[in-house]
Amino acid sequence: MPCLFCKIVARELPAEIVYQDEHVTAFKDLHPRAPTHILIIPNAHLVSVDDLADEVAVNAAAQCLRVAREIARARGLTNGYRLVTNIGADAGQSVFHLHFHLLAGRRLSWPPG
Ligand code: AMP
Ligand code: ZN
């Protein structure tokens, strides 16, 4: 089955892309849960953090963290932000292409649900 987020990387599916380089794509979440809600994904298909089995995959995830920091700084999120990645059914993962949610712009409760 074609992967939704692979299609966004390839620009075969519309998305509000806010950042893209050779490793990473970042775009606005379709159903934002906070004033800032951006998804940051590796361009290469990985299912989740549970898929980070070798150095190439780990580096792809690390590149996502680099971009999260860059986006946060560029947007002046000095009051803080949260990075979330859901892994598997119990965590509520609904798209099976590794993604980090960057959430900001309001007070976020803890612990998450
Ligand atoms: P998760 O539940 O952690 O797997 O997160 C998947 C996220 O992808 C949800 O927050 C959805 O709102 C978001 N999403 C699903 N389809 C799209 C899309 N086509 N463009 C942007 N965000 C999407
Ligand atoms: Zn994919």
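Since the structure is predicted, the reported quantities are computational estimates derived from the model, not experimental observations. (Residues numbered from 1 in each chain as written. Chains lettered and ligands numbered in written order. Predicted model: local features only at pLDDT ≥ 70, side-chain atom pairs only at ≥ 80, totals over all residues. Heavy atoms only, no water.)

Caption draft 1: Up close: the site of ligand 1. Around ligand 1 there are 16 residues in total, and D29, N86, S94, H99 and H101 lie nearest to it. Between ligand 1 and H99, the relevant distance is 2.9 Å, taken from an oxygen atom to a side-chain nitrogen or oxygen of the residue. If ligand 1 stood free it would expose 510 Å²; the protein chains cover 85% of that surface. Under a 2 Å grid-point criterion requiring more than half of the atoms, the pocket assigned to ligand 1 is the largest pocket. In terms of residues, the shell around ligand 1 owes the most to one element, helix α1 (residues 4-9), which gives three residues. Of the residues assigned to the shell around ligand 1, the class counts are seven nonpolar, seven polar and two charged. (Near = heavy atom within 4 Å. Polar contact = N/O pair within 3.5 Å; in protein donor to acceptor, adjacent residues only side chain to side chain. Areas by Shrake-Rupley, 256 points an atom, 1.4 Å probe, with all protein chains shown as cover. 1 Å grid on protein atoms, 1.4 Å probe; cavity = no way out; pocket = protein on both sides within 12 Å on 5 of 7 lines; lining within 4 Å. Sits in = over half its atoms within 2 Å of the grid points. Helix = DSSP H or I, 4+ residues; strand = E, 2+ residues; numbered from the N terminus. Nonpolar A, V, L, I, M, F, W, Y, C, P; charged D, E, K, R; others polar.)

Caption draft 2: Region of interest: the coordination of the zinc ion (ligand 2). Coordination sphere of the zinc ion (ligand 2), protein contribution only: C3 (SG), C6 (SG), H45 (ND1) and H97 (ND1), at 2.1 to 2.3 Å. One can describe the site at the zinc ion (ligand 2) as tetrahedral: its four donor atoms subtend angles covering 104 to 118° at the metal. On the primary sequence, the residues serving as donors to the zinc ion (ligand 2) are separated as C-x2-C-x38-H-x51-H. Remark: H45 occurs in the loop between β3 (36-42) and α2 (55-74) and C3 occurs in the segment before α1; sequence separation between them is 42 residues. Here C3 falls in the buried class, since its relative accessible area comes to 17%. (Donors = N, O, S within 2.8 Å, 3.2 Å for Na, K, Ca; no water. Tetrahedral: all angles 85-135°; square planar, octahedral: opposite > 155°, others 65-115°. Buried < 20%, exposed > 50% of the residue type's maximum accessible area, 1.4 Å probe, protein only.)

Caption draft 3: Focus on the sheet that holds strand β4 (residues 82-84). With antiparallel pairing, five strands are arranged side by side in an open sheet as β1-β2-β3-β5-β4. Each end of this open sheet is capped by a strand with a single partner; those strands are β1 (17-20) and β4. Geometrically, the sheet is characterised by an average inter-axis angle of 20° between neighbouring strands, direction not taken into account. Sheet topology note: the β1/strand β2 (residues 24-28) ladder contains three bridges and is antiparallel. Each residue of the ladder has a partner; that of I17, found in β2, is F27. In this fold α2 packs onto β1, β2, β3, β4 and β5 (100-104), with an angle of close to 150° to the strand it touches most, β3. (Pairing = 2+ DSSP bridges. Axes fitted to C-alpha atoms, helices over the stretch in contact; angles between N-to-C directions. Contact = heavy atoms within 4.5 Å.)

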